[in-house]
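Take a look at the letters that make up each chain.
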Amino acid sequence: MSDLPLAGITVVSIEQAVAAPFATRQLADLGARVIKIERPGGGDFARRYDTTVHDQSSYFVWLNRSKESLTLDLKSARGRDVLDELLAEADVFVQNLGPGAASRLGLDAASLSERFPSLIPCSVSGYGTDGPWSDRKAYDLLVQCQTGLVSLTGNPESSARVGVSVADISAGMYAYSGILTALFTRATTGVARAVEVSLFEALAEWMSQPAYYTRHSGTQPARFGTQHATIAPYGAYTAADGKDVLFSIQNEHEWVALCEQFLERPDLVEDARFATNSDRVAHREELSALVRERFARSGSREVMKILDQAGIANAGVNDVAEFLEHPVLRDRNRWRDVQIPGAVVQALVPPADLAGIEPRMDAVPDIGQHTDDVLTGLGYTESDIAGLRADNVV
């Protein structure tokens, strides 16, 4: 028996794309057995998003390590029988099927809780399983638009999507934490409670600060590219060598240090235009002109050295290739080898370290790789499995 925290927990998941697979991969990282059910012949459509990682999808490699892949036709009666056998022994069931599909298959939380009282059902949807938009499809960028996030991202001339799947990621994180909470509740009270997360409501939580700001100021934060909309100075400026450096002033002590040690303008400390953060935001252009002039006199390394000496947080604006070589990831040993079909790749260890625990980072499965093993574990014979395969049930 593994000493990982979730060893002995079995998760069955009908999942695709990002949100649900991200939640279940994190459960697998902690030792849960995750049985991923995929469509025969096609599987999770994220397998075909790209072919950049040794002919595998970058999305699928990221989200599906340490799982078992079982192909199963859920539209067939025999496929549903297999699923029922799995659910009878499972602790958690996760699904992010399209609108209405879970109910049509009898896999909604109410139906499952009645049939399997100790099972924790988790639904990941676009806009909720009820309500006026429950029947609408939702993909990450659509949700970024609906929550107003896109209207905050970009520059004054044009809006932009966030460059990663933040709606999916936030929903996956809340599903993961909700499942952990439900497992704890079941262990302490004996009651298995269903978990529901929608992409829209997950990202809506992340929009709370601009929501408060807009409701109570009457106007939403403006788009300023790499500048912070409501804190100044906080953003990226170009040094003399053409490289961008971002820095942030979070309090008045840092503002004084910036004026005295970096801008070399101690008189600005008493300048009424810049007395408080609100004043500095109101006079952003005048302040930015002063900062740009100072940046133009030094290369990026010198800029960062002086800011460091002044105790002001700063960072070079990395591209992805520079991020991959980051000394924090290298020197803190954050990379591990992970097997994928036909190759070995490096993957980041989960960010939450548990003292004395090394997370599980097993192979990314090929489609249907574990079908025979899972069915054998349920008591199916070789002949039984051959029959299911002949009838395209698995």
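Further up the page is the structure itself.
Visitor: Before we go on, may I ask you to explain the overall build of the protein chain in this structure?
Guide: Counting its regular elements, the protein chain contains 18 helices and 13 strands. Dimensions of the protein chain along its principal axes, counting C-alpha atoms only, are 85 × 45 × 40 Å. Of all 394 residues assigned to the protein chain, the portion counted as buried reaches 46%. The contacts in the protein chain between residues at least 6 apart in sequence include a share of 66% that link residues at least 24 apart.

Visitor: Please clarify how the nonpolar core should be interpreted in this entry.
Guide: Buried together is how nonpolar side chains tend to be arranged in soluble globular proteins. Counting residues in each nonpolar core, the largest one holds 35 residues, and the members touching the most others are V11 and V124. Elements represented by at least two residues in this core include exactly helix 1 (19-29), strand 4 (92-95), strand 5 (120-125), helix 8 (166-189), strand 8 (195-198) and helix 9 (199-206). The contacts of V11, once residues within four sequence positions are left out, are T24, L27, A32, R33, V34, I35, V92 and V94. Of all hydrophobic cores here, the second largest spans 28 residues; its members include I14, I35, L74 and L86.

Visitor: Help me understand the pairing of strand 2 (residues 33-38), please; the structure alone is not making it clear to me.
Guide: Every other side chain in a regular strand lies on the same face of the sheet, so the side chains alternate between the two faces. Of all six residues in strand 2, five are buried; the element is thus mostly enclosed. Two strands pair when backbone bridges link them, and strand 1 (residues 10-14) and strand 2 are joined in this way by five bridges, in the parallel orientation. Residue T10 lies in a different strand from strand 2, and its bridge partner there is R33. In this view, the connection linking strand 1 to its parallel neighbour strand 2 by way of helix 1 has right-handed handedness. When strand 2 meets strand 3 (residues 67-71), the two strands line up parallel, connected through five bridges. By the bridge assignment, I35 is partnered in strand 3 with E68.

Cut-offs applied
- Residues numbered from 1 in each chain as written.
- Predicted model: local features only at pLDDT ≥ 70, side-chain atom pairs only at ≥ 80, totals over all residues.
- Heavy atoms only, no water.
- Helix = DSSP H or I, 4+ residues; strand = E, 2+ residues; numbered from the N terminus.
- Buried < 20%, exposed > 50% of the residue type's maximum accessible area, 1.4 Å probe, protein only.
- Contact = heavy atoms within 4.5 Å.
- Core = buried A, V, L, I, M, F, W, Y, C linked by side-chain atoms within 4.5 Å.
- Pairing = 2+ DSSP bridges.
- Right-handed = clockwise from strand over helix to strand, strands pointing away.

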